[in-house]
Amino acid sequence: MKLLVVGSGGREHAIAKKLLASKGVDQVFVAPGNDGMTLDGLDLVNIGISEHSRLIDFAKENEIAWTFIGPDDALAAGIVDDFNKAGLEAFGPTKAAAELEWSKDFAKEIMVKYGVPTAAYGTFSDFEEAKAYIEEQGAPIVVKADGLALGKGVVVAETVEQAVEAAHEMLLDNKFGDSGARVVIEEFLDGEEFSLFAFANGDKFYIMPTAQDHKRAYDGDKGPNTGGMGAYAPVPHLPQSVVDTAVETIVKPVLEGMIAEGRPYQGVLYAGLILTADGPKVIEFNSRFGDPETQIILPRLTSDFAQNISDIMMGVEPYLTWQEDGVTLGVVVASEGYPLDYEKGVPLPEKTDGDIITYYAGAKFAENGKALLSNGGRVYMLVTTEDTVKAGQDKIYAQLDKQDTTGLFYRNDIGSKAIKD
Ligand code: AMP
Ligand code: GLY
């Protein structure tokens, strides 16, 4: 069986690698992928994620059994609808179902309608009204662009002035284009953040291990927001009762609500949560796997991934099993300057073997050789599974110490919250 994965990052590397390790899978193509993936035997296809008809032609010509869609923008552009119209199976939500991610206002409406706990909010397209709401609510307060903004459209404002400035930039200065033509302004939720992922099809869902990402660029949660600088799973200090509550009050009602709305959800549902004094509340939904969370969740899957996905798509009960003990931890290595401007073309260290997995994101072969060079903001990620978070950190940071990371940087405290608590 041949499979196709759409996307090019570390997330897609982890998905494709796991699919290739499944029984009965002979070949996994990634479109467009990145050169680092070829070191794991994956085949790259030079077609962009927005070229739906070329992807469909490729899938037909190569007898692809089904396609796994990685990125949010592809889902928001209706890639699953287009594949389905062409008679092809694709794992991921339709455009209408993915609106849970591509419109924060839509996600809020669904949550309010179906009683899902989330921050109080208002949605505005008029700056003066937004400003009046911010002044009335006071700070801290959170200002979010309604649409997709590469994880950069959220400002957690500590003062009223910062919040008003953020609303001004989005609504009047067009900082995020159409994505910021409306803003969601919401209550600041105080508590620890974690992510809950589920495979879903209609009202059937299967929860994955909990994960914690590190979104800020620098140690101690300082610096600008990024796509994510490292993660670990499961979150050892998170009680099972919190996960059970999140399943009952968040995952179940949202999936049932989406059916009631005529937008049944199939794919990975990602709930970004904050554990407040009143229990877990939603700060965002994503309609896909997280990056870098996938890279630390999928190594824990001990069942046959391709079979699992195919069963979930067919509405058959999947046989899913996860490694129960230990913690999987990963540190992202990024280009110096990321998430702002950065240079490309920095030589990368050798791929690791054995207990440490290297997943590549922005990596490209040099023109006249096999040396891998950096080619993006997030470049690669080292992942290991150990008994404890501390042991995972020791292993990864010892490896990073040995690598030449000139021109690159990484956080030194991935997982430290789990150790302090
Ligand atoms: P998002 O892009 O929605 O994941 O938001 C980026 C980051 O902003 C999150 O990872 C949180 O740390 C923070 N954030 C978002 N919404 C809230 C909220 N209502 N209260 C506190 N922090 C928030
Ligand atoms: N790790 C954050 C995201 O994938 O959105």
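What counts, and where the lines are drawn
- Residues numbered from 1 in each chain as written.
- Chains lettered and ligands numbered in written order.
- Predicted model: local features only at pLDDT ≥ 70, side-chain atom pairs only at ≥ 80, totals over all residues.
- Heavy atoms only, no water.
- Helix = DSSP H or I, 4+ residues; strand = E, 2+ residues; numbered from the N terminus.
- Rg over C-alpha atoms; globule rule 2.2 N^0.38 Å.
- Buried < 20%, exposed > 50% of the residue type's maximum accessible area, 1.4 Å probe, protein only.
- Pairing = 2+ DSSP bridges.
- Axes fitted to C-alpha atoms, helices over the stretch in contact; angles between N-to-C directions.
- Polar contact = N/O pair within 3.5 Å; in protein donor to acceptor, adjacent residues only side chain to side chain.
- Contact = heavy atoms within 4.5 Å.
- Right-handed = clockwise from strand over helix to strand, strands pointing away.
- Near = heavy atom within 4 Å.
- Areas by Shrake-Rupley, 256 points an atom, 1.4 Å probe, with all protein chains shown as cover.
- Nonpolar A, V, L, I, M, F, W, Y, C, P; charged D, E, K, R; others polar.
- Parallel < 35°, antiparallel > 145°, perpendicular 65-115°, else oblique.
- Salt bridge = Lys/Arg side-chain N within 4 Å of Asp/Glu carboxyl O.
- Core = buried A, V, L, I, M, F, W, Y, C linked by side-chain atoms within 4.5 Å.

Novice: Explain the overall build of the chain to me, please; I cannot follow it from the model alone.
Specialist: Tallying secondary structure elements over the chain gives 13 helices and 23 strands in all. The globule rule puts the C-alpha radius of gyration for 421 residues at 22 Å, and the 21 Å found for the chain is close to it. Along the first, second and third principal axes, the C-alpha set of the chain runs to 60 × 50 × 40 Å. Expressed as a percentage of the 421 residues in the chain, the buried residues total 57%.

Novice: When you look at the sheet that holds strand β17 (residues 279-286) in this model, what are you seeing that I'm missing?
Specialist: To summarise the sheet geometry, strands pair through backbone hydrogen bonds and adopt either a parallel or an antiparallel arrangement. A sheet is described by the order of its strands in space; here 4 strands give the open sequence β11-β10-β16-β17, paired in antiparallel fashion. Each edge of the open sheet carries a strand with a single partner, namely β11 (204-207) and β17. This sheet shows a mean twist of 35° between the axes of neighbouring strands, independent of strand direction.

Novice: So what exactly am I meant to see when it comes to the side chain of T210 here?
Specialist: Summarising the element assignment, T210 is placed in the loop between β11 and β12 (212-213). At a separation of 3.0 Å, a polar atom in the side chain of T210 contacts the main-chain amide nitrogen of V235. Excluding its chain neighbours within four sequence positions, the residues that come into contact with T210 are F194, S195, L196, Y232, A233, P234, V235, L238 and V243.

Novice: Where do I start with helix α6 (residues 104-113) in this structure?
Specialist: Each full turn of the α-helix corresponds to 3.6 residues, which orients residues three or four apart in the same direction. Counting buried positions along α6 gives 7 out of 10 residues, so the element sits mostly inside the fold. Taken as a whole, α6 has its buried residues at K104, D105, F106, A107, K108, I110 and M111. Just past α6, the residue G115 takes up positive phi, approximately 70°.

Novice: Help me understand the pairing of strand β1 (residues 2-7), please; the structure alone is not making it clear to me.
Specialist: Across a regular strand the side chains alternate sides, sitting on one face of the sheet and then on the other. Of all 6 residues in β1, 5 are buried, a share of seventy percent or more. Bridging between β1 and strand β2 (residues 27-32) involves 6 bridges; their strand directions are parallel. Bridge pairing links L3 to V28 in β2. What joins β1 to β2 is helix α1 (residues 10-20), and the crossover it makes is right-handed.

Novice: What's the story with the site of ligand 1 in this structure? I'm lost.
Specialist: Taken together, 14 residues surround ligand 1, and among them E186, E187, L189, E193 and E284 come closest. Calculation on ligand 1 without its partners gives an accessible area of 480 Å², and the protein chains cover 91% of this total. Every element with two or more residues in the shell around ligand 1 is listed here: β7 (141-145), β8 (154-157), β9 (183-187) and β17. Classifying every residue of the shell around ligand 1 by side-chain character gives 7 nonpolar, no polar and 7 charged.

Novice: Would you take a moment to explain the packing of helix α5 (residues 95-102) against α6 for this structure?
Specialist: Two quantities define a packed helix pair, namely the angle between the axes and the distance from one axis to the other. Packing of α5 against α6 brings their axes to within 6 Å, and their N-to-C directions diverge by 100°. As summarised for this structure, α5 and α6 are arranged roughly perpendicular, according to the angle between their axes. Each of E99, L100, E101 and W102 in α5 lies in contact with α6, whose residues at this interface are K104, F106, A107 and I110. When grouped by side-chain class, the residues that make up the contact of α5 with α6 number 5 nonpolar, no polar and 3 charged.

Novice: It is not clear to me how the site of ligand 2 should be interpreted in this structure. Could you clarify?
Specialist: All residues in the neighbourhood of ligand 2 are listed as D213, K215, G227, Y270, N286, R288, G290, D291, P292 and E293. In the environment of ligand 2, a nitrogen atom lies 3.3 Å from a nitrogen or oxygen atom belonging to the backbone of G227. Between E293 and ligand 2, the recorded distance is 2.8 Å, taken from a side-chain N or O atom to a nitrogen atom. In isolation ligand 2 has 200 Å² of accessible area, and contact with the protein removes 89% of it. Here the shell around ligand 2 is composed, by residue class, of 2 nonpolar, 3 polar and 5 charged.

Novice: Even after reading the chapter, I still don't get the pattern of salt bridges, so can you show me in this structure?
Specialist: Think of it this way: side chains of opposite charge can pair up when their charged atoms draw near. One pass over the full model with this rule turns up 28 salt bridges. For R288, the salt bridge is made with E101, and the minimal N-O distance between the two is 3.1 Å. Pair noted here: R288 is in the loop between β17 and α10 (293-297) and E101 is in helix α5, with a separation of 187 residues, a long-range link. Look at R288 and you get buried, because its relative accessible area is 13%. Relative accessible area serves as the criterion here: at 6%, E101 is assigned to the buried category. The partner of K131 in a salt bridge is E135, with the nearest N and O atoms 3.8 Å apart. Of the two residues, K131 and E135 are both situated in helix α7 (residues 127-137); the distance of 4 residues between them amounts to about one turn of the helix.

Novice: What is the right way to look at unusual backbone geometry in this model?
Specialist: Outside of glycine, negative phi angles account for most residues, and trans bonds account for most peptide bonds. A cis amide bond links A31 to the next residue, P32, at an omega of -5°. Structurally, P32 is set in strand β2. Unusually for a residue other than glycine, N174 sits at a positive phi of about 60°. At D221, a position not held by glycine, the phi torsion is positive, near 55°. Within the secondary structure layout, D221 lies in the loop between β13 (216-218) and β14 (222-225).

Novice: Looking at this structure, I do not really get the nonpolar core. What am I missing?
Specialist: The nonpolar side chains of a soluble globular protein tend to be buried with one another. Ranked by size, the top nonpolar core spans 52 residues in total, and within it L100, F285, Y380 and L400 carry the most contacts. By residue number, the principal contributor to this core is helix α9 (residues 240-260), which donates 9 residues. Among the nonpolar cores identified, the runner-up in size contains 39 residues, and V30, F68, M208 and M313 belong to it.

Novice: What's the story with the sheet that holds β8 in this structure? I'm lost.
Specialist: Pairing is antiparallel across the open sheet formed by 4 strands, whose spatial order is β6-β9-β7-β8. Bordering the open sheet on either side are β6 (121-124) and β8, each of which pairs with just one other strand. Shown here is a sheet whose adjacent strand axes are inclined to one another by a mean of 15°, direction ignored. Where α6 meets the sheet, it contacts β6, β7, β8 and β9, and its direction lies at approximately 140° from that of β6. Strands β6, β7 and β9 of the sheet are contacted by α7, whose axis makes an angle of about 160° with β6.

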